[in-house]
Each structure stands twice: as structure tokens, then as C-alpha cells.
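Structural features, examined
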Amino acid sequence: MAIHPFPHSWTLAGPLAACMALLVPAALAQAPDFPHKAVTLVVPYPAGGGTDVVARSVAEQMARLLGQPVVVDNKPGASGIMGTSAVAKAAPDGHTVLVGLTQSLLTNPFLYARLPYDPRKDLGLVSLVATSPLLLLVPASSPAHNLADLQRTLRARSDGGNCGSWGAGSYPHLACAHMASSWKAPIAHIAYKGEAPMLQDLVGGQLSFTIGSAISAKPYLDAGKLRALAVTGSQRLPVLPAVPTFAEAGFADPEYRVVGWLGLAVPQATPPAVVARLQHAAQQAVATPEVGKRFAQLGMLPVGSTAEQFRQSYAADLPVWERLVRTSGARLD
């Protein structure tokens, strides 16, 4: 991946974020009338999921900071497309904000031939809120105890083994395709309708390996039913400090350093002063102990970046995700 000033582990929250929050942009003083009504955080996914939980935690803190209600509006449908499109077409006054994921803001343009929005033209980035590194997992019965073992095992098998994902175009699918290509192993991809059934089959030995979230995998890890060989990104997870990053395990491909993330975005024409106000509120919200605790429970790492840092990270990640999608051959209608 192209090198940029901020690591993909994105650990600005905490003391550094608190210091940055003191550097309130001068532009804030230029938006005295914002917000003058409730701010809506649009979550393009169903209520009750991880994205929704994060949005509601952040909304509660942002409401206190902005002095206006901040409400969460779930607009699920079509892999985040419906809700994202609604925000892209909303009035650019800062009162409608997208809670976007890597999929809706970064990978969808490469997965879909036609989208009703272009995230690079129709949306403006506000703040990267959190990242969600993922784990490479194998059954406890697997002979692989590290990534090199897994690579040798898959190459030695006549069928190359198989891997699971929670759907075509997801990071586990894309990473599996990258491994099949770079490791010269005929790894078969099996798509599931969710992470839970995928992990159940992994525990049962129907899969050679998969990539999953820490929050879903940890009970199986604690019970000794699964083994984690590596974590994506450039930082170990605090909840699993013994699990090395891919790079530490000897696999430094940029494709393993990218992570899933959650960030805020607004319609492109939103005034800079309004963006600055939202950015500042988001940074302060992410730095609160309440939000930090909730992120830790979900296996996420708090960030709270500036809009410019978010833009730099987005630009650096873009070609890596494009390459991942191209290698996988994934296309969605």
C-alpha cells in the first residue's frame, strides 16, 4: 500500500485525539447557525447490527457537543447503496450525515457496474471514526500454527483447501482470492449468508480457514475451538495481544494491511465550516470513555481523525481495494 502519514491501525483516539480536539479549526467560528435543528445520522444497514450500535453511541455524545438532537435513521438495502445514495442526494447543510463503511464508500464502485452515487464526487469525508481489523482463523484441529504453516499445508493439498466468507465482495472473499493468487494454491471460496454459519462450519472442520471479526470469533477462541494466526492492519488487537499482524507473521502484502472502517460523510457541497464543526464533534465523541468502551466490546479500534487525514487514508487505500476486487473477479448486480 502507498505510504501515508497515518498508519492503518488508526489509533488517534485517546490523549492524542484530546490534544487535537483543542486545536479547534478557525472555520468553526464561521458556522454560528449550525446546527439549527436535529442532525440525522443515516445508517445504511439494519438496526441492531454493529454499525447501528456504533452510530447510536457516537450520536449520543455528538448531541451533547452540538447542542441539538442527533438521531439515527436506518436505511438498509442493497449492500448500503440505498442509504448512501439518500445522503449523497440530501441538502448539503450538514444536517444529514452518512455513517459509512468501507463497503459503501470504497469497494462498491469496483463491485457494481452502476451505482446511483459516486463516493468520490458526491460525498465529502468528515472523520474516520473507527477501524475493525479482522482475524485469519483456522479450526483447532488444523495442522497450521502460523501463516507459513497454512501456506505450506494449502500448497501441499491436491485440492488446495477452501475458505469461507460472509458474501461475495466481502473482505474475506477478496483476501481468499488474493491468497489463492499470490500463494499459487487452488483455494476454493465458499460464500455464506452471514458470519455465524461460516464460523460454525469452520469449527466443524468443513473449512480450511476463514477471516472473521474478533467479536464473533473470540468465544470460539476462548473455548479452544478455533486458532487465530494473524490480524489485518498494522497493529495487534488489545483483546488478542498474542496474535501477530500479517506483516509480523512474514506476509507484508498491502492487501493484508487494509482494514474495515467506519466513518462519517456528508453531501459533497457541504460548507467547510460545517464539515469542521461535525469533524470536531466526532473527534470529541470518539475520545469519550463511553464510546471507547463500546468500541472495545465490538472489537473495534477508535480513531477520530480529521477530514484531511480521512481523505489521505481513503486515497491510499483506494488502489489496494481496487486490486483486491479485480483479482477476485467479484461483480455484483
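Shown above is the structure to which this text applies.
Computed from a predicted structure; not experimentally measured.

Okay, the packing of helix 2 (residues 50-66) against helix 11 (residues 272-286) next. At a closest axis distance of 9 Å, the pairing of helix 2 and helix 11 adopts a crossing angle of 120°. Here helix 11 runs oblique to helix 2, going by the angle between their axes. The two elements helix 2 and helix 11 cross, and the hand of that crossing is right-handed. Here helix 2 contributes Val58, Gln61, Met62, Leu65 and Leu66 to the contact with helix 11, which in turn contributes Arg277, Leu278, Ala281, Ala282, Gln284 and Ala285. Here the contact of helix 2 with helix 11 is built from residues that sort into 8 nonpolar, 2 polar and 1 charged.

One way to say it: the disulfide is the covalent bond shared by the sulfur atoms of two cysteines. Enumeration over the complete set of coordinates arrives at 1 disulfide. Here cysteine 163 pairs with cysteine 176 through a disulfide, and the sulfurs are 2.1 Å apart. Of the two residues, cysteine 163 sits in strand 6 (residues 162-165) while cysteine 176 sits in helix 7 (residues 171-182), which places them 13 residues apart along the sequence. Accessibility classification places cysteine 163 together with cysteine 176 in one group, the buried group.

Our focus in this paragraph is the pairing of strand 3 (residues 96-101). Within a regular beta strand, the side chains point alternately toward one face of the sheet and then the other, so they alternate between its two faces. Of all 6 residues in strand 3, 5 are buried; the element is thus mostly enclosed. Here strand 1 (residues 39-43) pairs with strand 3 via 3 bridges, running parallel. Bridged to valine 42 within strand 3 is leucine 98. Looking at chain direction, strand 3 and strand 10 (residues 260-267) are connected through 4 bridges and run antiparallel. Within strand 10, the position partnered with glycine 100 by the bridge is glycine 263.

This next bit is on the packing of aromatic side chains. Summed over the entire model, instances satisfying the criterion amount to 5 aromatic pairs. A ring pair is formed by phenylalanine 246 and tyrosine 256, whose centres lie 4.4 Å apart and whose planes are at 15°; its orientation type is stacked. Of this pair, phenylalanine 246 sits in the loop between strand 9 (226-231) and helix 10 (254-257) while tyrosine 256 sits in helix 10; the two residues are 10 residues apart in sequence, bridging distant segments of the chain. For the residue pair phenylalanine 246 and tyrosine 256, the accessibility class agrees, reading buried in each case. Here tryptophan 261 and tyrosine 314 contribute two aromatic rings whose centre-to-centre distance is 6.5 Å and whose plane-to-plane angle is 55°, an arrangement assigned as tilted. Taken together, the residues span a long stretch of sequence, with tryptophan 261 in strand 10 and tyrosine 314 in helix 13 (residues 307-328) at a distance of 53 residues. We classify tyrosine 314 as buried; its relative accessible area is 9%. Through a chain of ring-to-ring contacts, the aromatic side chains of Trp261, Phe310 and Tyr314 assemble into a single cluster.

Turning to the pairing of strand 1, a few remarks are in order. Burial analysis of strand 1 places 4 of its 5 residues in the buried class, which makes it a mostly covered element. Pairing analysis gives 5 bridges linking strand 1 to strand 2 (residues 70-74), with the strands arranged parallel. When the sheet's bridge partners are listed, threonine 40 is paired in strand 2 with valine 71. Once you follow strand 1 into helix 2 and on to strand 2, the crossover reads as right-handed.

Criteria and thresholds
- Residues numbered from 1 in each chain as written.
- Predicted model: local features only at pLDDT ≥ 70, side-chain atom pairs only at ≥ 80, totals over all residues.
- Heavy atoms only, no water.
- Axes fitted to C-alpha atoms, helices over the stretch in contact; angles between N-to-C directions.
- Helix = DSSP H or I, 4+ residues; strand = E, 2+ residues; numbered from the N terminus.
- Parallel < 35°, antiparallel > 145°, perpendicular 65-115°, else oblique.
- Left-handed = near helix turned anticlockwise from the far one by under 90°.
- Contact = heavy atoms within 4.5 Å.
- Nonpolar A, V, L, I, M, F, W, Y, C, P; charged D, E, K, R; others polar.
- Disulfide = S-S within 2.5 Å.
- Buried < 20%, exposed > 50% of the residue type's maximum accessible area, 1.4 Å probe, protein only.
- Pairing = 2+ DSSP bridges.
- Phe/Tyr/Trp six-rings, centres within 6.5 Å; stacked < 30°, edge-to-face > 60°.
- Right-handed = clockwise from strand over helix to strand, strands pointing away.

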